[in-house]
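Structure assessment
Each chain is listed here by its residues.
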Amino acid sequence: MMRRMRTLRSALTAAATAVAALGLAATTTAPAQAATPTPAHVFAPYFEAWTGESPAALSAASGAKHLTMGFIQTATKGSCTAYWNGDTSMPLAQSTFGADIKTMQQRGGDAIPSFGGYTADTTGTEIADSCTDVNQIAAVYQKVITTYDVSRLDMDIEIDSLDNTAGIDRRNKAIKIVQDWGAANGRNIEISYTLPTTTRGPAANGTALLKNAAANGVRVDVVNLMTFDYYDNAAHDMANDTKTAAQGLVDQLAKIYPTKTQQQLWAMVGIIEMIGVDDFGPAETFSLANARTVYDWAVSKGINTLSFWALQRDNGSCAGGAAADNCSGIAQNTWDFSHIFAPFTSGTTAPANDFSVKATPAAATVTAGGSTTATVSTAVTAGSAETVNLSVSGLPAGVTATLSPTSVTAGGSSTLTLNTATTTVSGTYQIAVNGASASAGHAAVISLTVNGGATQCTAGAWASSSVYTGGQTVSHKGHTWKAKWWTTGEEPGTTGEWGVWQDLGAC
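Rules of the game
- Residues numbered from 1 in each chain as written.
- Predicted model: local features only at pLDDT ≥ 70, side-chain atom pairs only at ≥ 80, totals over all residues.
- Heavy atoms only, no water.
- Helix = DSSP H or I, 4+ residues; strand = E, 2+ residues; numbered from the N terminus.
- Rg over C-alpha atoms; globule rule 2.2 N^0.38 Å.
- Buried < 20%, exposed > 50% of the residue type's maximum accessible area, 1.4 Å probe, protein only.
- Contact = heavy atoms within 4.5 Å.
- Areas by Shrake-Rupley, 256 points an atom, 1.4 Å probe, with all protein chains shown as cover.
- Lys, Arg positive; Asp, Glu negative; His and termini not counted.
- Charge placed at Lys NZ, Arg CZ, Asp CG, Glu CD.
- Disulfide = S-S within 2.5 Å.
- Expected span 1.5 Å × (residues − 1).
- Polar contact = N/O pair within 3.5 Å; in protein donor to acceptor, adjacent residues only side chain to side chain.
- Salt bridge = Lys/Arg side-chain N within 4 Å of Asp/Glu carboxyl O.
- Pairing = 2+ DSSP bridges.
- Axes fitted to C-alpha atoms, helices over the stretch in contact; angles between N-to-C directions.
- Core = buried A, V, L, I, M, F, W, Y, C linked by side-chain atoms within 4.5 Å.
- Parallel < 35°, antiparallel > 145°, perpendicular 65-115°, else oblique.
- Left-handed = near helix turned anticlockwise from the far one by under 90°.
- Phe/Tyr/Trp six-rings, centres within 6.5 Å; stacked < 30°, edge-to-face > 60°.
- Lys NZ or Arg CZ within 6 Å of the ring centre and 35° of its normal.

Check the secondary structure of the chain and you find twelve helices and 26 strands. Computed over the C-alpha atoms, the radius of gyration of the chain is 23 Å, within 12% of the 23 Å expected from 2.2 N^0.38 for a compact globule of 507 residues. Its C-alpha atoms put the chain at 65 × 60 × 50 Å along the principal axes. By the burial criterion, 55% of the 507 residues in the chain qualify as buried. Nonlocal contacts in the chain, meaning residues at least 24 apart in sequence, comprise 70% of its contacts between residues at least 6 apart. When the accessible surface of the chain is summed, it comes to about 19,300 Å², and 50% of that surface belongs to carbon and sulfur atoms. Seen as two clouds, the 28 positive and the 38 negative side-chain charges of the chain have centres 5 Å apart.

Dropping the structure here:
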């Protein structure tokens, strides 16, 4: 997401050079499959993919079935190989998030992989900025689609990437190739663009990006506005600013797509809030009352997507604080914002045969090296009883799980045993027990607290005179910190959410 909007250029000449769809076919032999379409109205908050947490577990815990997962980028500027977070240990493969995404899909949700983001867009590692080969960019998009069987990709384009006209044109040409490939193989590829905004709609370069997409024949399904971080030193009613920004977007879209009705234009709108305190500070605070207002407005307008930055921030553990990766900065209960927005997801059909999953107890505390058990019970909630296959996700390192039995007929129960190693890091973990039948999928969450285990402070102490490169970790003031890029002299904990140091948690 973004930190600050800088002065924006006002014009872009759209290039419409055709690129043959056959170029993509030569890059891979992976078959196209018909992924489940994203609902017509969907709540899909961002999941911070660098934290080591399980998206399937947090999805179950929060009730957010669909997650926008950020971010995908290259490891170095000039590369055409993309990774999650630009981390070479997190390839675009089933080994990274594959099981989690499959689990969410079985539960009736999905992932929306997001390319770009603030860090990538300011370091030249956004894939279309980094790679100058349109066909290789398209191949990366296709790889994500076929690896995870997803129906929508998001392009988070801001800051420097918004002014990179060559990258904008390459990106849209690559998207066009992928959409043509999908159409030829019976697969609809949805594209959302995530853009910064003023309180009156996107600035000129955001509009220019959308015009370039139209000129290249790209079907843009959704335009997500980041309705936060205005940095204009003005008074803000964040809910009202969301409404005026969206109206400004619709007015601009009407000029780009003159044949669309107002209803169709509003159906292209997506909104991304930054819950609680944003990067500017308390003057730009999105409250729970704002969330309720925006929800009602979003339903009345028929917009496509409601989202926020980010799922891991949906708690009140740092009330009165500044913007942070892992809390909202306001007083709230955990998942308050998720619970307000979750009912927005619609357009799916309720299964004729359905069931529920419950774990008893829902929370347990163990000493590292010990074990605990819970009863996983199921019940028929609609139609007839079907076989429910059970699995577990969100297990931290050093924790293993067994289910006996691993499948039941809806109405039956299973015993879950969680075993911890003495090396398990102390902390509280959200562990999901997933149930999947032929018709539906659901989950229950167990909060497991491990005491007396290892600590995370194994990294060396931060030193102001040392030089650190991306990926290196340090310990400082009881937390472990990871450098996102080259740095020296910048104290962990002082650089802000979008700064060089990522907080990996308390030791």
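Those residues of helix α3 (residues 98–106) lying buried are Gly-98, Asp-100, Ile-101, Thr-103, Met-104 and Gln-105. Packed against the buried residues of α3 are α2 (55–62), β3 (66–74), β5 (110–116), α6 (134–148), β16 (387–393) and β20 (427–436). Immediately downstream of α3, the backbone of Gly-108 shows phi near 90°, a positive value.

Throughout the structure, instances matching the rule amount to two disulfides. Here Cys-80 is linked by a disulfide to Cys-131, with a sulfur-sulfur distance of 2.0 Å. Here the S-S torsion is close to 85°, and the disulfide linking Cys-80 with Cys-131 is therefore right-handed. Taken as a pair, Cys-80 in the loop between β3 and β4 (82–84) and Cys-131 in the loop between α5 (127–130) and α6 lie far apart in primary sequence, 51 residues in all. The class for Cys-131 is buried, based on a relative accessible area of 0%. The disulfide bridge from Cys-318 ends at Cys-327, spanning 2.0 Å between sulfur atoms.

What follows is about α6. Its 15 residues give α6 an end-to-end C-alpha distance of 22 Å, which sits within 8% of 21 Å, the value for a rise of 1.5 Å per residue. Counting buried residues in α6 gives eleven out of 15 residues, a clear majority hidden from the surface. Looking only at α6, the buried set comprises Val-134, Ile-137, Ala-138, Val-140, Tyr-141, Gln-142, Val-144, Ile-145, Thr-146, Thr-147 and Tyr-148. Backbone nitrogen of Asn-135 and a side-chain oxygen of the N-cap are separated by 2.9 Å at the start of α6; the cap is Asp-133. Of the residues flanking the end of α6, it is Asp-149, one or two places downstream, whose phi is positive at about 55°.

Quick look at unusual backbone geometry now. Cis peptide bonds are those with omega within 30 degrees of zero, and the linkage from Gly-70 to Phe-71 qualifies with 5°. With respect to the helices, strands and loops of the structure, Phe-71 is situated in strand β3. Residue Pro-405 is reached from Ser-404 by a cis peptide bond, and omega for that bond is 0°. Within the secondary structure, Pro-405 sits in the loop between β17 (399–404) and β18 (407–409). Positive phi, close to 70°, is recorded for Phe-97, a residue that is not glycine. Tracing the backbone through its elements, the reader meets Phe-97 in the loop between β4 and α3.

For the coordinates displayed, the defined rule picks out eight salt bridges. The salt bridge involving Lys-482 is made with Asp-87; its shortest N-O contact spans 3.5 Å. Of the two residues, Lys-482 sits in strand β24 (residues 479–483) while Asp-87 sits in the loop between β4 and α3, which places them 395 residues apart along the sequence. Its salt-bridge partner being Arg-187, residue Asp-149 comes within 2.8 Å of it at the nearest N-O pair. A residue pair is termed long-range when its members are at least 10 positions apart, and Asp-149 in the loop between α6 and β6 (152–156) and Arg-187 in the loop between α7 (165–184) and β7 (190–196) qualify at 38 residues.

This part is about the sheet that holds β20. Pairing is mixed across the open sheet formed by five strands, whose spatial order is β14-β21-β20-β16-β18. Where the open sheet ends on each side, the last strands, each with one partner, are β14 (363–367) and β18. Taking the axes of each pair of neighbouring strands and ignoring which way they run, one obtains an average angle of 30° across the sheet. Bridge count between β20 and strand β21 (residues 441–451): ten bridges; the pairing is antiparallel. Within β21, the residue paired with Gln-430 across the bridge is Ser-447.

Grouped together as the largest cluster of nonpolar side chains are 98 residues, with contacts concentrated most on Tyr-141, Leu-306 and Phe-341. Setting aside residues no more than four positions away along its own chain, Tyr-141 makes contact with Phe-115, Ile-127, Leu-153, Met-155, Arg-171, Ala-174, Ile-175 and Val-178. Within the second largest apolar cluster, 24 residues are counted, among which are Val-366, Ala-368, Leu-390 and Val-450.

Our focus in this paragraph is the packing of α6 against α7. Where α6 contacts α7, the axes come no closer than 8 Å and their chain directions differ by 50°. With respect to α7, the element α6 is oriented oblique. In this structure, α6 meets α7 at a crossing whose hand is right-handed. Contact residues: α6 offers Val-134, Asn-135, Ile-137, Ala-138, Tyr-141, Gln-142, Ile-145 and Thr-146, while α7 offers Arg-170, Arg-171, Lys-173, Ala-174, Ile-175, Ile-177, Val-178 and Trp-181.

So, on to the environment of Ala-483. Tracing the chain through its elements places Ala-483 in strand β24. Leaving out residues up to four positions away in the same chain, Ala-483 has contacts with Tyr-468, Thr-469, Gly-470, Gly-471, Gln-472, Val-500 and Trp-501.

This next bit is on the packing of aromatic side chains. Under the defined criterion, the tally for this structure stands at 17 aromatic pairs. Measuring from ring centre to ring centre gives 5.8 Å for Phe-43 and Phe-341, while their planes differ by 75°; the resulting arrangement is edge-to-face. Note that Phe-43 is positioned in strand β1 (residues 42–43) and Phe-341 in helix α12 (residues 336–341), a separation of 298 residues in sequence. For Phe-43, a relative accessible area of 1% puts it in the buried group. Residues Tyr-46 and Phe-71 carry aromatic rings whose centres are separated by 5.8 Å and whose planes lie at 45° to one another, so their mutual orientation is tilted. Highlighted residues: Tyr-46 in strand β2 (residues 46–48) and Phe-71 in strand β3, separated in sequence by 25 residues. Here Tyr-46 matches Phe-71 in class, with each residue buried. Among the aromatic residues, those joined into a cluster by ring pairs are Phe-43, Phe-286, Phe-308, Phe-337 and Phe-341. When the ring centre of Tyr-257 is taken as origin, the NZ or CZ atom of Lys-260, which lies over that ring, is 5.7 Å away.

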